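For reference, the chains in residue letters:
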Amino acid sequence: MERGSTGYVGQAVLIRNPSAVSAACLTTRRAVWEECGGFDQGYGRDLWDIDYCLRLREKGYRIVYTPYAELVRLEDSPEESTEDRERFRLKWPEWIEWDPAYNPNLSLEEGYALAWPPRVGRPWRG
């Protein structure tokens, strides 16, 4: 994001607990890193940070995002490979479908587009 951007619905300026963060801005204690096994090298450079964060959450750790850190990225990150994306989908299907940090009214395939058909039922319809 550009400096000063508030991000999608202001999320870039909120302290919050997302499901995961990019390795470009991830810090963790060495003992926790070792306890959770570090990055899974099977992903190459793609999705290993997200996989690591989800393993942290499984162990009961929180992921904390703060808007008070400013990071400078000098290179573009590579696109995830098809193989990495499929491996990730097979390993974490429940997180992809029901990520508590992602609005269930939004699409899983099209960024922040509305999901169609809706991914959630209407509770008043049983």
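Quick summary incoming for the structure in this document. (Residues numbered from 1 in each chain as written. Predicted model: local features only at pLDDT ≥ 70, side-chain atom pairs only at ≥ 80, totals over all residues. Heavy atoms only, no water.)

All right, on to the side chain of arginine 119 then. Within the secondary structure, arginine 119 is located in the segment after α4 (93–98). What makes arginine 119 buried here is its relative accessible area of 15%. Side-chain polar atoms of arginine 119 contact the backbone oxygen of asparagine 103, separated by 3.4 Å. A polar contact of 3.4 Å, which involves the side chain of arginine 119, links it to the backbone oxygen of proline 104. (Helix = DSSP H or I, 4+ residues; strand = E, 2+ residues; numbered from the N terminus. Buried < 20%, exposed > 50% of the residue type's maximum accessible area, 1.4 Å probe, protein only. Polar contact = N/O pair within 3.5 Å; in protein donor to acceptor, adjacent residues only side chain to side chain.)

What follows deals with helix α2 (residues 48–58). The periodicity of an α-helix, 3.6 residues per turn, causes residues three or four places apart in sequence to face the same way. Burial analysis of α2 places 8 of its 11 residues in the buried class, which makes it a mostly covered element. Of all the positions in α2, only Trp48, Asp49, Asp51, Tyr52, Cys53, Leu54, Arg55 and Leu56 are classed as buried. Backbone geometry just downstream of α2 places glycine 60 in the positive-phi region, at approximately 95 degrees.

Where nonpolar side chains cluster on the molecular surface, the patch consists of Tyr8, Val9 and Tyr112 and spans about 340 Å² of accessible area. Mapped onto the fold, tyrosine 8 is located in the segment before α1 (30–36). (Patch = residues over 30% accessible without salt bridge, like charges linked within 9 Å, V, L, I, M, F, W, Y side chains within 5 Å. Areas by Shrake-Rupley, 256 points an atom, 1.4 Å probe, with all protein chains shown as cover. Salt bridge = Lys/Arg side-chain N within 4 Å of Asp/Glu carboxyl O.)

Considering all chains together, one arrives at 8 salt bridges under this definition. For aspartate 51, the salt bridge is made with lysine 91, and the minimal N-O distance between the two is 2.9 Å. Taken as a pair, aspartate 51 in helix α2 and lysine 91 in helix α3 (residues 82–91) lie far apart in primary sequence, 40 residues in all. Of the residues examined, aspartate 51 reaches a relative accessible area of 0% and is grouped as buried. A relative accessible area of 35% places lysine 91 in the partly exposed class. Arginine 89 is the partner of glutamate 109 in a salt bridge, and the nearest nitrogen-oxygen pair spans 3.4 Å. Note that glutamate 109 is positioned in the segment after α4 and arginine 89 in helix α3, a separation of 20 residues in sequence. Look at glutamate 109 and you get exposed, because its relative accessible area is 56%. Its relative accessible area of 31% is what places arginine 89 among the partly exposed residues. Put simply, Asp40, Asp51, Arg55, Arg87 and Lys91 are held in one network by salt bridges that share partners.

Core analysis: the biggest nonpolar cluster contains 16 residues, and Tyr43, Tyr52, Leu56, Phe88 and Trp92 have the highest contact counts within it. Those elements that provide at least two residues to this core are α1 and α2. The element best represented in this core is α2, accounting for 5 residues. Setting aside chain neighbours within four positions, we find tyrosine 43 in contact with Trp48, Asp51, Asp84, Arg87, Phe88, Lys91 and Trp92. (Core = buried A, V, L, I, M, F, W, Y, C linked by side-chain atoms within 4.5 Å. Contact = heavy atoms within 4.5 Å.)

Let's shift gears to the environment of alanine 20. Looking at the secondary structure, you find alanine 20 in the segment before α1. Once the C-alpha coordinates of alanine 20 and isoleucine 63 are considered, the two residues, 43 residues apart in sequence, prove to be 6.3 Å apart. Once residues within four sequence positions are removed from consideration, alanine 20 is found in contact with Ile50, Cys53 and Ile63.

What follows concerns the packing of aromatic side chains. Geometry of an aromatic ring pair is reported as the spacing of the ring centres plus the angle between the planes. With the rule as written, the count across this model stands at 5 aromatic pairs. On the numbers, 4.8 Å between centres and 85 degrees between planes, the contact of tryptophan 33 with phenylalanine 39 is edge-to-face. Since its relative accessible area comes to 18%, phenylalanine 39 is described here as buried. On the basis of an interplanar angle of 15 degrees and a centroid distance of 4.8 Å, the ring pair of phenylalanine 39 and tryptophan 48 is categorised as stacked. A single burial state applies to phenylalanine 39 and to tryptophan 48, both of which are buried. Feature note: the residues Trp33, Phe39, Trp48 and Tyr52 constitute an aromatic cluster, connected by ring pairs. If you follow arginine 16 out to its NZ or CZ, it ends over the ring of tyrosine 65, 4.6 Å from the centre. Above the ring of tyrosine 43, the side-chain terminus of arginine 87 is found at 4.2 Å from the ring centroid. (Phe/Tyr/Trp six-rings, centres within 6.5 Å; stacked < 30°, edge-to-face > 60°. Lys NZ or Arg CZ within 6 Å of the ring centre and 35° of its normal.)

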